[in-house]
Amino acid sequence: MSKLDFSHYSRQLSLDYDDDTTVEDATYPDFLVKLLTDDLDFHNHTGNYATHNFHSFQAKFPPQLPSKFILSLTQEGDVVLDPMMGSGTTVLEAFLTGRRALGFDIDPLAVKIAKVKTTSTKPNELMQYCKLILKKARNQVENEKNFLEKELSRRWESKSKEFIDYWFAIPTQLELLALLLQIEEIRDERIRTFFELAFSAIIITKSGGVSLAFDLAHTRPHKAKLVIDKHGMVILGEELQRNNSPRLNFLTKKLRSPIDEFEKRCIQNINGLIRSPSGKFDPEIKFGDAQNLPLENASVDLIVTSPPYASNAIDYMRAHKFSLIWFGYSIEDLGFRRKEYIGGEDTTSTEFEELPGATSTVVSELSDLDEKRGKVLCRYYSEMKRTLEEMHRVLRPNKAAIVVVGNSIMRGIDTQTQNCLAEIGQAIGFEVPKIGIRRLDRNKRMLPAGSTVNTSSQIQQRRHGEYVIAFYKA
Ligand SMILES: C[S@@+](CC[C@H](N)C(=O)[O-])C[C@H]1O[C@@H](n2cnc3c(N)ncnc32)[C@H](O)[C@@H]1O
C-alpha cells in the first residue's frame, strides 16, 4: 500500500497548561489540544451511575468522555447536541449538568433508550405499576394459556412470526406476550416506555438474554443448539445431548423466565432512578437523520458524538430487531430501515460525494482490490461528509464538535477513518487542532465481532483503541 500524505493533525501549542487551565486562559483551539492530550481512557471510572446502565448498547462511550468536554467547554443553559446519540450518553450527561440537550438517532430503539434515561418518573409510582404487571402476567400465563397462544398466532404476519419462532422458545414467547399485553395497557406514555425498555433489556444483552441467540454483540447472532427449559427438560437438540458432543457447552442455553428477568430488571432500573438527580432543561430527543438535522444555523454550543464504524462493523438493527419486533415493527420494515444507517452496505441508491485527495486515494486502493467494498467505504465517507457539513452548519462560531471514531480494516486495507474524517472536515471548513487517542477497556465496551484481544496482531492492536477528533469552527 502506498504511503498517503495525511497532514499531521497536532497543533503546536502557544500556552503552558496544567489541570486548572480553563477555556478562558487559552484560545479555543489550544484548549481543545489540551483536552485531547489529557487521559481519555477512563479505565478506572465507573459508568454505572444515574440511568446509564438501563439498557445495553454496543460501542457506547463512557459517560466521563462527553462529561469532560461538556464541563470544560460549556456553561449551564448552553446547547449540547449528539446527532447520532445511540443510548444517549452525551444527552444524559448534558441533562445531568444543566445543559440543554439535543439528541437524534435513526434507530427506534436508541430513541426509546435515550428518552427513558432522561425522563423523570416517580419511583414509587413505577413500583406500583411493576407489581401489577407481574401479578397479571403471571396469572395469565398460568390460567389463560389458550388465549395467549391464539394471540401469538394472530399478532404477526408470517415472516415476522417465523423470526419469532426461530429465535424464541414457545414458553418464552408466552411469558413475553403476557408482559407485553400488560405494558400496552398503560396509558401514560412515560411510564409505558419505561417498562418497554425493561422488556427490551431482558432480550438484548451480550449473551442474548431470554432469546435463543447466543451473542447479540456479534454481527451474526448464533442460535443455541441445545435448549433446556427452567424445569431441566430438553426442548431442543436432544440428539446433540445423546451424542455427547464436545462443543455442547458452547451451544447450550438454559432458558430463564422472562417474567422473573423482567422483575429483576425493573427493580434495578427503578433503583437507578432514585439516585439520579434531574436536570433543569428537559432534553429534546428525536428520531432523525444526522445528515439532515432539523436545527437552525449556528444554534449549538458543543457537539459530542460517535458515528458508526465504517463497513457496518456493528449492525445495530440486527440486534435491535430482537426486541423491536415485539413492539409492532415488521421484519420487512426493519430490513428497509437497516439500509439507511450510516455505514450500511447497500450502495444501490447512494449519492456519492466528491472526497478530498488522501481520502479518495484510500477508497481507490480498496476499490482496486474489491470494487464492492470500495463502494461501501465511499458510501461511508460520503455520509460522514454530509454529517460533518450539518455539524458545521448548526455549530455557533468559535465552538467545536468532538467526534469519537474507531478504525476499520477492509480487505486488509486500513481505512484510516480518523485521518480521512479529519481531512473531510478540513475540506468543508473545520480546523482540526488535534486527534486524541483512547485505549479501550475490552472488559467494558461491547465491540464488533472479531475484536477479541490478540496483542500479537497489528490489526487487533489498532482496533484496541479509538480516536477522538476535535473539529473547530472558527
Ligand atoms: C456508536 S453508536 C453511538 C453510541 C453513543 N455514543 C452511546 O454512548 O450510546 C452510533 C449510532 O449512530 C446511529 N446512526 C446511524 N446512522 C444514523 C443516521 N443517519 N442518523 C442518526 N444516527 C445514525 C446508530 O443508530 C447508532 O445508534
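Residues numbered from 1 in each chain as written. Predicted model: local features only at pLDDT ≥ 70, side-chain atom pairs only at ≥ 80, totals over all residues. Heavy atoms only, no water.

S.K.: I would appreciate a short explanation of the nonpolar core in the present structure.
M.R.: The tendency in soluble globular proteins is for nonpolar side chains to be buried as a group. Ranked by size, the top nonpolar core spans 59 residues in total, and within it Phe195, Phe199, Ile203, Phe262 and Trp326 carry the most contacts. Here this core takes eight residues from helix α8 (residues 170-184), the largest share from any one element. When sequence neighbours within four positions are dropped, the list of residues in contact with Phe199 reads Leu176, Leu179, Leu180, Ile183, Phe262, Trp326 and Phe327. Core analysis: the second largest hydrophobic core is formed by 42 residues, Met84, Ile413, Phe430 and Ile435 among them. (Core = buried A, V, L, I, M, F, W, Y, C linked by side-chain atoms within 4.5 Å. Buried < 20%, exposed > 50% of the residue type's maximum accessible area, 1.4 Å probe, protein only. Helix = DSSP H or I, 4+ residues; strand = E, 2+ residues; numbered from the N terminus. Contact = heavy atoms within 4.5 Å.)

S.K.: Where do I start with the layout of surface pockets in this structure?
M.R.: Any empty space left between the atoms is revealed when a probe the size of a water molecule rolls over them. The calculated volume of the second largest pocket comes to roughly 340 Å³. Lining the second largest pocket are 18 residues, with Val141, Pro171, Glu175, Lys230 and His231 positioned closest to its centre. Those elements that place two or more of their residues in the lining of the second largest pocket are α5 (123-143), α8 and α12 (258-275). The leading source of residues in the lining of the second largest pocket is α8, at four residues. Split by residue class, the lining of the second largest pocket holds seven nonpolar, three polar and eight charged. (1 Å grid on protein atoms, 1.4 Å probe; cavity = no way out; pocket = protein on both sides within 12 Å on 5 of 7 lines; lining within 4 Å. Points joined across faces, edges and corners; volume = space filled by probe spheres on them. Nonpolar A, V, L, I, M, F, W, Y, C, P; charged D, E, K, R; others polar.)

S.K.: Looking at this model, I keep getting lost on helix α7 (residues 158-167). Mind explaining?
M.R.: Three or four residues apart is the spacing at which side chains of an α-helix point the same way, because the helix has 3.6 residues per turn. Among the residues of α7, those classed as buried are Ser160, Lys161, Phe163, Ile164 and Trp167. Down the axis of α7, the buried side of the element spans an arc of 155°, and every buried residue falls inside it. The exposed set on the far side of α7, more than 90 degrees from its buried face, consists of Ser158 and Glu162. Elements in contact with the buried residues of α7: α6 (145-155), α8, α13 (316-324) and α14 (331-338). (Arc of directions from axis to C-beta.)

S.K.: Quick question: what am I supposed to make of the sheet that holds strand β3 (residues 226-228) here?
M.R.: Sheet strands pair by backbone hydrogen bonding; their relative direction is either parallel or antiparallel. Strand order across the open sheet formed by three strands is β4-β3-β5, with mixed pairing between neighbours. The open sheet is flanked by β4 (234-236) and β5 (252-254), the only strands paired with a single partner. Strand-to-strand twist of the sheet, defined as the mean angle between neighbouring strand axes without regard to direction, takes the value 30°. (Pairing = 2+ DSSP bridges. Axes fitted to C-alpha atoms, helices over the stretch in contact; angles between N-to-C directions.)

S.K.: Where do I start with the pattern of salt bridges in this structure?
M.R.: When their charged atoms lie close together, side chains carrying opposite charge are able to pair. Under the defined criterion, the tally for this structure stands at 28 salt bridges. Among the ionic pairs, Asp165 bridges to Lys161, the shortest N-O distance being 2.7 Å. Remark: Lys161 and Asp165 occur in helix α7; sequence separation between them is four residues, near one turn of the helix. The class of Lys161 is buried, set by a relative accessible area of 16%. Between Arg396 and Asp301 there is a salt bridge; the shortest N-O distance is 2.9 Å. Of the two residues, Arg396 is situated in strand β8 (residues 395-405) and Asp301 in strand β7 (residues 300-305); the sequence distance between them amounts to 95 residues. Overall, the relative accessible area of 31% leaves Arg396 in the partly exposed class. (Salt bridge = Lys/Arg side-chain N within 4 Å of Asp/Glu carboxyl O.)

S.K.: It is not clear to me how the environment of Phe430 should be interpreted in this structure. Could you clarify?
M.R.: Tracing the backbone through its elements, the reader meets Phe430 in the loop between α17 (417-427) and β11 (435-439). Classification of Phe430 as buried rests on a relative accessible area of 3%. Ignoring any residue separated from it by four or fewer positions in sequence, one finds Phe430 in contact with Leu388, Met391, His392, Leu395, Gly425, Phe471, Tyr472 and Lys473.

S.K.: What is the right way to read the confidence of the model for the protein chain from this model?
M.R.: If pLDDT is low for a region, its predicted coordinates should not be looked at in detail. Averaged over all residues, the pLDDT of the protein chain is 88; the fraction at 70 or higher stands at 88%. Note on residues 449-462: pLDDT is under 50 here. Beyond four places in sequence and across chains, it has 20 contacts. (pLDDT = per-residue confidence, 0-100.)

S.K.: Got a minute to help me understand unusual backbone geometry in this structure?
M.R.: A negative phi angle characterises most non-glycine residues, just as the trans form characterises most peptide bonds. One non-glycine residue, Ala59, lies in positive phi territory at about 55°. Within the fold, Ala59 resides in the loop between α1 (28-37) and α2 (64-73). For Ala59, a relative accessible area of 9% corresponds to the buried category. Non-glycine residue Gln416 carries a positive phi angle of around 45°. By the secondary structure assignment, Gln416 is in the loop between β10 (413-414) and α17. Relative accessible area serves as the criterion here: at 12%, Gln416 is assigned to the buried category.

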